[in-house]
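# Residue-level structural notes
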Amino acid sequence: MLTLYFAPGASSMAVHIALHEIGVAFEGRPMSFKSNDMRAPDYLRLNPEGKVPTLLIDERPLTEVAAILFYLARRFPEAGLLPCDDAEAEAHALSWMSFIASTLHPARRRGLDYAKGIADRRLGQGWTLGARYSIADIHLFRLYWRLFNSLKPAAGTFPNLDAHYARMAERPAVQRTIEVESAVGYELPA
Ligand SMILES: N[C@@H](CCC(=O)N[C@@H](CS)C(=O)NCC(=O)O)C(=O)O
(Lines give C-alpha, C1' and ligand atoms only; values in the text may rest on other atoms or scores of the structure.)
Protein backbone atom coordinates (compact mmCIF):
# COMPACT_ATOMS: atom_id res chain seq x y z
CA MET A 1 0.00 0.00 0.00
CA LEU A 2 1.30 3.44 -0.96
CA THR A 3 0.35 6.61 0.91
CA LEU A 4 1.46 10.05 -0.22
CA TYR A 5 1.60 12.99 2.15
CA PHE A 6 1.40 16.06 -0.06
CA ALA A 7 0.67 19.78 -0.01
CA PRO A 8 -0.84 21.24 -3.19
CA GLY A 9 1.85 22.78 -5.41
CA ALA A 10 4.71 21.84 -3.05
CA SER A 11 7.65 19.58 -3.93
CA SER A 12 5.33 16.63 -3.35
CA MET A 13 3.56 17.53 -6.61
CA ALA A 14 6.32 15.70 -8.51
CA VAL A 15 5.59 12.44 -6.69
CA HIS A 16 1.88 12.99 -7.18
CA ILE A 17 2.42 13.30 -10.94
CA ALA A 18 4.59 10.16 -11.01
CA LEU A 19 1.91 8.14 -9.20
CA HIS A 20 -0.64 9.24 -11.80
CA GLU A 21 1.79 8.46 -14.64
CA ILE A 22 2.19 4.93 -13.25
CA GLY A 23 -1.52 4.52 -12.57
CA VAL A 24 -0.96 2.68 -9.30
CA ALA A 25 -3.53 2.87 -6.49
CA PHE A 26 -2.44 5.11 -3.61
CA GLU A 27 -3.93 7.03 -0.75
CA GLY A 28 -3.35 10.78 -0.82
CA ARG A 29 -3.08 12.61 2.51
CA PRO A 30 -3.28 16.39 2.00
CA MET A 31 -1.19 18.45 4.41
CA SER A 32 -1.83 22.09 5.27
CA PHE A 33 0.89 24.71 5.75
CA LYS A 34 -1.64 27.01 7.45
CA SER A 35 -2.59 24.36 10.00
CA ASN A 36 1.07 23.50 10.60
CA ASP A 37 0.41 19.86 9.73
CA MET A 38 4.10 19.34 8.89
CA ARG A 39 5.04 20.19 12.49
CA ALA A 40 2.65 17.68 14.10
CA PRO A 41 4.55 15.15 16.23
CA ASP A 42 3.02 12.19 14.41
CA TYR A 43 4.21 13.58 11.07
CA LEU A 44 7.68 14.47 12.40
CA ARG A 45 8.08 10.83 13.35
CA LEU A 46 7.66 9.97 9.66
CA ASN A 47 9.67 12.89 8.30
CA PRO A 48 11.91 14.54 10.93
CA GLU A 49 12.48 17.52 8.59
CA GLY A 50 8.78 18.32 8.65
CA LYS A 51 8.56 18.55 4.87
CA VAL A 52 6.51 17.05 2.08
CA PRO A 53 6.62 14.68 0.35
CA THR A 54 6.68 11.54 2.42
CA LEU A 55 5.68 8.28 0.79
CA LEU A 56 4.62 5.43 3.05
CA ILE A 57 5.41 2.06 1.58
CA ASP A 58 3.39 -0.37 3.69
CA GLU A 59 3.83 2.06 6.63
CA ARG A 60 7.58 2.54 6.04
CA PRO A 61 8.36 6.20 5.30
CA LEU A 62 10.51 7.29 2.38
CA THR A 63 11.43 10.97 2.03
CA GLU A 64 13.05 13.27 -0.58
CA VAL A 65 11.52 13.78 -4.00
CA ALA A 66 14.46 12.34 -5.94
CA ALA A 67 14.57 9.16 -3.87
CA ILE A 68 10.81 8.62 -4.05
CA LEU A 69 10.76 9.17 -7.81
CA PHE A 70 13.65 6.74 -8.18
CA TYR A 71 11.86 4.15 -6.04
CA LEU A 72 8.61 4.44 -8.02
CA ALA A 73 10.38 4.26 -11.38
CA ARG A 74 12.33 1.18 -10.30
CA ARG A 75 9.37 -0.55 -8.67
CA PHE A 76 7.12 0.03 -11.68
CA PRO A 77 9.49 -0.34 -14.65
CA GLU A 78 6.58 -0.93 -17.03
CA ALA A 79 5.76 2.79 -16.72
CA GLY A 80 9.06 3.55 -18.49
CA LEU A 81 9.99 6.45 -16.23
CA LEU A 82 13.69 5.53 -15.98
CA PRO A 83 16.05 4.00 -18.55
CA CYS A 84 16.80 0.91 -16.41
CA ASP A 85 18.58 -0.83 -19.31
CA ASP A 86 21.22 1.87 -19.69
CA ALA A 87 23.45 2.71 -16.70
CA GLU A 88 24.76 5.92 -18.22
CA ALA A 89 21.30 7.27 -19.11
CA GLU A 90 20.05 6.30 -15.64
CA ALA A 91 22.98 8.19 -14.10
CA HIS A 92 22.06 11.26 -16.20
CA ALA A 93 18.56 11.13 -14.72
CA LEU A 94 20.11 11.07 -11.23
CA SER A 95 22.47 13.88 -12.22
CA TRP A 96 19.50 16.02 -13.24
CA MET A 97 17.60 15.26 -10.05
CA SER A 98 20.65 16.06 -7.87
CA PHE A 99 21.04 19.34 -9.77
CA ILE A 100 17.34 20.16 -9.35
CA ALA A 101 17.35 19.43 -5.60
CA SER A 102 20.69 21.00 -4.70
CA THR A 103 21.06 23.91 -7.16
CA LEU A 104 17.75 24.77 -8.77
CA HIS A 105 15.45 24.43 -5.76
CA PRO A 106 17.45 26.88 -3.57
CA ALA A 107 17.96 29.19 -6.59
CA ARG A 108 14.26 30.03 -6.72
CA ARG A 109 14.57 31.95 -3.46
CA ARG A 110 17.51 33.94 -4.87
CA GLY A 111 15.39 35.28 -7.71
CA LEU A 112 15.36 35.10 -11.45
CA ASP A 113 18.78 36.64 -12.10
CA TYR A 114 20.53 33.77 -10.38
CA ALA A 115 18.26 31.05 -11.72
CA LYS A 116 18.21 32.49 -15.22
CA GLY A 117 19.97 30.33 -17.71
CA ILE A 118 21.22 27.58 -15.39
CA ALA A 119 18.55 25.04 -16.14
CA ASP A 120 17.53 26.46 -19.48
CA ARG A 121 21.01 26.04 -20.97
CA ARG A 122 21.42 22.60 -19.49
CA LEU A 123 18.01 21.46 -20.75
CA GLY A 124 18.29 22.44 -24.39
CA GLN A 125 15.38 21.29 -26.50
CA GLY A 126 13.40 18.17 -25.70
CA TRP A 127 13.34 16.12 -22.51
CA THR A 128 16.07 16.20 -19.87
CA LEU A 129 17.53 12.95 -21.27
CA GLY A 130 17.03 14.04 -24.86
CA ALA A 131 14.47 11.88 -26.64
CA ARG A 132 13.29 9.94 -23.60
CA TYR A 133 10.77 11.11 -20.96
CA SER A 134 11.77 10.26 -17.37
CA ILE A 135 11.31 11.06 -13.69
CA ALA A 136 13.86 13.87 -14.13
CA ASP A 137 11.32 15.68 -16.35
CA ILE A 138 8.67 15.35 -13.66
CA HIS A 139 11.06 16.72 -11.04
CA LEU A 140 12.11 19.60 -13.30
CA PHE A 141 8.53 20.43 -14.24
CA ARG A 142 7.37 20.84 -10.66
CA LEU A 143 10.27 23.17 -9.91
CA TYR A 144 9.63 25.30 -12.99
CA TRP A 145 5.86 25.21 -12.45
CA ARG A 146 6.47 26.82 -9.07
CA LEU A 147 8.96 29.36 -10.40
CA PHE A 148 6.72 30.15 -13.38
CA ASN A 149 3.65 30.73 -11.23
CA SER A 150 5.33 32.64 -8.39
CA LEU A 151 8.10 34.67 -10.06
CA LYS A 152 6.25 34.99 -13.39
CA PRO A 153 9.24 35.27 -15.73
CA ALA A 154 8.72 37.38 -18.85
CA ALA A 155 7.94 35.37 -21.97
CA GLY A 156 11.14 34.24 -23.65
CA THR A 157 13.30 34.39 -20.50
CA PHE A 158 13.55 30.61 -20.37
CA PRO A 159 12.61 29.38 -23.86
CA ASN A 160 13.64 25.75 -23.33
CA LEU A 161 11.94 25.50 -19.96
CA ASP A 162 8.81 27.11 -21.39
CA ALA A 163 8.68 24.52 -24.18
CA HIS A 164 9.24 21.73 -21.64
CA TYR A 165 6.46 23.15 -19.43
CA ALA A 166 4.06 23.21 -22.38
CA ARG A 167 4.81 19.57 -23.25
CA MET A 168 4.39 18.50 -19.65
CA ALA A 169 1.11 20.39 -19.34
CA GLU A 170 -0.33 18.20 -22.10
CA ARG A 171 0.22 15.01 -20.12
CA PRO A 172 -2.93 13.55 -18.52
CA ALA A 173 -1.00 12.73 -15.31
CA VAL A 174 -0.02 16.38 -14.92
CA GLN A 175 -3.55 17.58 -15.64
CA ARG A 176 -5.03 15.10 -13.16
CA THR A 177 -2.56 16.12 -10.44
CA ILE A 178 -3.31 19.82 -10.91
CA GLU A 179 -7.03 19.08 -10.87
CA VAL A 180 -6.78 17.15 -7.58
CA GLU A 181 -4.36 19.59 -5.92
CA SER A 182 -6.21 22.74 -6.94
CA ALA A 183 -9.44 21.22 -5.60
CA VAL A 184 -7.72 20.75 -2.22
CA GLY A 185 -6.47 24.36 -2.45
CA TYR A 186 -3.06 26.03 -2.76
CA GLU A 187 -1.51 27.58 0.34
CA LEU A 188 2.00 28.27 -0.90
CA PRO A 189 3.43 31.74 -0.36
CA ALA A 190 3.61 33.90 -3.53
N1 LIG B 1 14.71 18.20 -0.16
C2 LIG B 1 13.29 17.99 0.00
C3 LIG B 1 12.60 19.34 -0.06
C4 LIG B 1 11.14 19.24 0.24
C5 LIG B 1 10.59 20.60 0.57
O6 LIG B 1 11.31 21.63 0.56
N7 LIG B 1 9.32 20.64 0.91
C8 LIG B 1 8.70 21.89 1.33
C9 LIG B 1 7.56 22.28 0.41
S10 LIG B 1 8.12 22.61 -1.23
C11 LIG B 1 8.09 21.70 2.70
O12 LIG B 1 7.48 20.70 2.97
N13 LIG B 1 8.24 22.66 3.58
C14 LIG B 1 7.60 22.61 4.86
C15 LIG B 1 8.01 23.70 5.73
O16 LIG B 1 8.99 24.38 5.38
O17 LIG B 1 7.37 23.89 6.76
C18 LIG B 1 12.78 17.07 -1.10
O19 LIG B 1 13.33 17.08 -2.20
O20 LIG B 1 11.84 16.29 -0.84
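Residues numbered from 1 in each chain as written. Predicted model: local features only at pLDDT ≥ 70, side-chain atom pairs only at ≥ 80, totals over all residues.

A word on the environment of Lys51. In this fold, Lys51 is placed in the loop between α2 (41-46) and β3 (54-57). C-alpha of Lys51 to C-alpha of Leu147: the two residues are 96 residues apart in sequence and 19 Å apart in space. (Helix = DSSP H or I, 4+ residues; strand = E, 2+ residues; numbered from the N terminus.)

For the bond running from Val52 to Pro53, omega is 10 degrees, close enough to zero to count as cis. Even without glycine at this site, Glu59 takes up a positive phi of about 80 degrees. Relative to the elements of secondary structure, Glu59 occurs in the loop between β3 and β4 (60-63). Judged by C-beta crowding, with 8 C-beta atoms within 10 Å, Glu59 ranks as exposed. With a phi close to 45 degrees, Lys152 is a non-glycine residue in the positive phi region. Take Lys152: it is sitting in the loop between α7 (135-151) and α8 (159-169). (Buried ≥ 20, exposed ≤ 12 C-beta atoms within 10 Å, placed from the backbone.)

Turning our attention to the sheet that holds β4. Backbone-to-backbone hydrogen bonds join strands into a sheet, with any given pair of strands oriented parallel or antiparallel. Read across the sheet, four strands follow the order β2-β1-β3-β4 without closing on themselves; strand pairing throughout is mixed. Every interior strand has two partners, whereas the edge strands, β2 (27-30) and β4, have only one. For this sheet, the mean angle separating the axes of adjacent strands, direction not counted, is 25 degrees. (Pairing = 2+ DSSP bridges. Axes fitted to C-alpha atoms, helices over the stretch in contact; angles between N-to-C directions.)

An ideal rise of 1.5 Å per residue puts 18 Å on 13 residues; helix α9 (residues 172-184) measures up with 18 Å between its terminal C-alpha atoms. Of the residues making up α9, those classed as buried are Val174, Thr177 and Glu181. Each buried residue of α9 sits inside an arc of 65 degrees when the element is viewed along its axis, so together they form one side. Across from the buried face of α9, at angles greater than 90 degrees, the exposed residues are Pro172, Glu179, Ser182 and Ala183. Looking at the buried residues of α9, the elements they touch are α1 (12-22) and α8. (Expected span 1.5 Å × (residues − 1). Arc of directions from axis to C-beta. Contact = placed C-beta atoms within 7 Å.)

It is worth spelling out α7 at this point. Over its 17 residues, α7 runs 24 Å from end to end, which matches the ideal 24 Å to within 8%, given 1.5 Å per residue. Among the residues making up α7, those that are buried are Ile135, Ala136, Asp137, Ile138, His139, Leu140, Phe141, Arg142, Leu143, Tyr144 and Leu147. Positioned one or two residues after α7, Lys152 has a phi angle of 45 degrees, which is positive.

Attention now moves to the domain arrangement of the chain. The domain boundaries assigned to the chain delineate domain 1 (2-78 + 174-184) and domain 2 (82-171). Of the residues lining the interface, 15 residues belong to domain 1; the matching set on domain 2 comes to 13 residues. At the level of elements, α1, α3 (65-75) and α9 are the ones that each hand at least two residues to the side of domain 1 that touches domain 2. For the side of domain 1 that touches domain 2, the element with the highest residue contribution is α3, accounting for six residues. (Domains from an automatic or database assignment.)

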